[in-house]
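# Descriptive structure summary
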Amino acid sequence: MTYILSINPGATSTKCALYKDTTEVFTDEVRYDIKQIEAYDRLIDQLEMRYESILEAIRKHGYSVSDIDVVVARGGILPPVDAGAIEIDDALVSYLLNESSVSHPANLAAAMAKRIVDTNGKGKAYVYDPISVDQLNDIARVSGLNGIERKSVGHMLNSRAVAHKYAKDSNKPYNSLNLIVVHAGTGITVTAHQKGRMIDLVGDDEGAFSPERSGGLPLRPFMDLCYNIPKESVTKDIRHRGGLVSYFDTNDVRDVEALIDAGNTEAALILEAMAYQIAKSVGTLAPVLSGDIDAIVISGGFSRSARVMNWVTERVSFLAEVVIYPGEYELEALSMGGYRAYKQEEPVQRFKRNT
């Protein structure tokens, strides 16, 4: 019997789940107010607070960290890696906390996982399908400005999880399918899956705006913004104070829908514009698969919104069947990946700084 804890820090929450072998024991989520998060000057300063959140969740459900055999963390912004499990060591933790190219809450997860294993003096800690999983075709790396290369950075864990889920539900091998997958969460990533590999994507800094991200912006006015305020403030504007937050001071789609239901026409316009931009991102990837698309699969936190999903579906259903898996499957994907790695059912990678 193996107990597996999965940890997934997001922009305004820390989620965790405990599995006994392949059976879920509990899932939990600690949510933080935006102002609570913004009180920390640096991402690393949130580490202790988020770690205590995990410990409290474990205790609340009647368990102790000493019960845990495997801890699987959401992978942060590592150098490019292949999909699957990577064992957490000091070098990986140090890279995520001190050298990662993008400040993202997932960068904290590996440090929390290793701390639990070190405290126990037993077990294994992994990251699984990190944000920087890179299976891009070389042609997808070209940006249009020599010296700047497009990177494979996005919501890879949930994207691959729901792609596999669709394959299972369709009784077809994942590596036989061509899919466009939309992760609709705090940030939005749209990925093109060709025969089992994610060959291209529209990342959350180049496509649709989201509850917190600005998405792709017109370059000339954005350049003016960059020259007039500090880099740290620009980063917060596009990563945490953009999207719905910039218009309505909330990152919750349900709050915006409540405004629409109360007759707020601006709210209706902005929310539909987000759906419109998601549809544009899907359309951008259709030629990548030469129009040969088995399905468009949508998942993530606000995929529960029938209003938004209907708007997206109306615009993209001519391309392929639209299948919606409401919510996120990241904790399950982490746990099952960690279980397979621990049981040596799939290979485990070692972190290499220059991968």
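The coordinates are above.
The model shown is predicted, which means the values in this text are computed figures rather than measured ones.

Relative orientation of the contacting elements helix α9 (residues 253–261) and helix α10 (residues 265–285) amounts to 135 degrees, with a least axis distance of 8 Å. As summarised for this structure, α9 and α10 are arranged oblique, according to the angle between their axes. Where α9 crosses over α10, the two elements pack in a sense that is left-handed. On the side of α9, the interface is formed by V253, V256, E257, L259 and I260, while α10 contributes A267, A268, L271 and M274. Classifying every residue of the contact of α9 with α10 by side-chain character gives eight nonpolar, no polar and one charged.

On to unusual backbone geometry. The phi dihedral of D21 falls on the positive side, at around 55 degrees, and the residue is not glycine. Relative to the elements of secondary structure, D21 occurs in the loop between β2 (13–20) and β3 (23–31). Overall, the relative accessible area of 24% leaves D21 in the partly exposed class. Positive phi values are uncommon outside glycine, yet S290 reaches one of about 55 degrees. With respect to the secondary-structure elements, S290 resides in the loop between α10 and β10 (295–300).

Taken together, the side chains of L219, M223 and Y227 make up a nonpolar region of the molecular surface, amounting to roughly 400 Å² of accessible area. Relative to the assigned elements, Y227 resides in helix α6 (residues 219–228). Judged by relative accessible area, Y227 falls into the exposed class, the value being 70%.

Here we take up α9. Looking only at α9, the buried set comprises V253, V256, E257 and I260. The buried residues of α9 all sit within an arc of 100 degrees when viewed along its axis, so they share a single face. Projecting away from the buried face of α9 at angles above 90 degrees are the exposed residues R254 and D261. Looking at the buried side of α9, the elements it contacts are α8 (243–248), α10 and α11 (306–316). At the C-terminal side of α9, G263 shows a positive phi close to 100 degrees.

By size, the foremost hydrophobic cluster in this structure holds 72 residues, and its most contacted members are L5, I88 and L92. With sequence-adjacent residues up to four places away left out, L5 is seen in contact with C16, A17, L18, I54, I58, I68, V70, V71, V72 and I116. Judged by nonpolar contacts, the second largest core, of 36 residues, contains I188, I270, L289 and A320.

Let's shift gears to the sheet that holds β3. Strand order in the open sheet formed by seven strands is β3-β2-β1-β4-β6-β5-β12, with mixed pairing between adjacent strands. What marks the edges here is a single partner per strand, and that holds for β3 and β12 (348–350). Within this sheet the neighbouring strands show an average axis-to-axis angle of 25 degrees, counted without direction. The pairing of strand β1 (residues 3–9) with β2 spans seven bridges and is antiparallel. Bridging across to β2, P9 finds its partner in T14. Relative to β1, helix α12 (residues 330–342) is tilted by about 135 degrees, and along the sheet it contacts β1, β2, β4 (70–74), β5 (85–87), β6 (124–128) and β12.

Rules used throughout
Residues numbered from 1 in each chain as written. Predicted model: local features only at pLDDT ≥ 70, side-chain atom pairs only at ≥ 80, totals over all residues. Heavy atoms only, no water. Axes fitted to C-alpha atoms, helices over the stretch in contact; angles between N-to-C directions. Helix = DSSP H or I, 4+ residues; strand = E, 2+ residues; numbered from the N terminus. Parallel < 35°, antiparallel > 145°, perpendicular 65-115°, else oblique. Left-handed = near helix turned anticlockwise from the far one by under 90°. Contact = heavy atoms within 4.5 Å. Nonpolar A, V, L, I, M, F, W, Y, C, P; charged D, E, K, R; others polar. Buried < 20%, exposed > 50% of the residue type's maximum accessible area, 1.4 Å probe, protein only. Patch = residues over 30% accessible without salt bridge, like charges linked within 9 Å, V, L, I, M, F, W, Y side chains within 5 Å. Areas by Shrake-Rupley, 256 points an atom, 1.4 Å probe, with all protein chains shown as cover. Salt bridge = Lys/Arg side-chain N within 4 Å of Asp/Glu carboxyl O. Arc of directions from axis to C-beta. Core = buried A, V, L, I, M, F, W, Y, C linked by side-chain atoms within 4.5 Å. Pairing = 2+ DSSP bridges.

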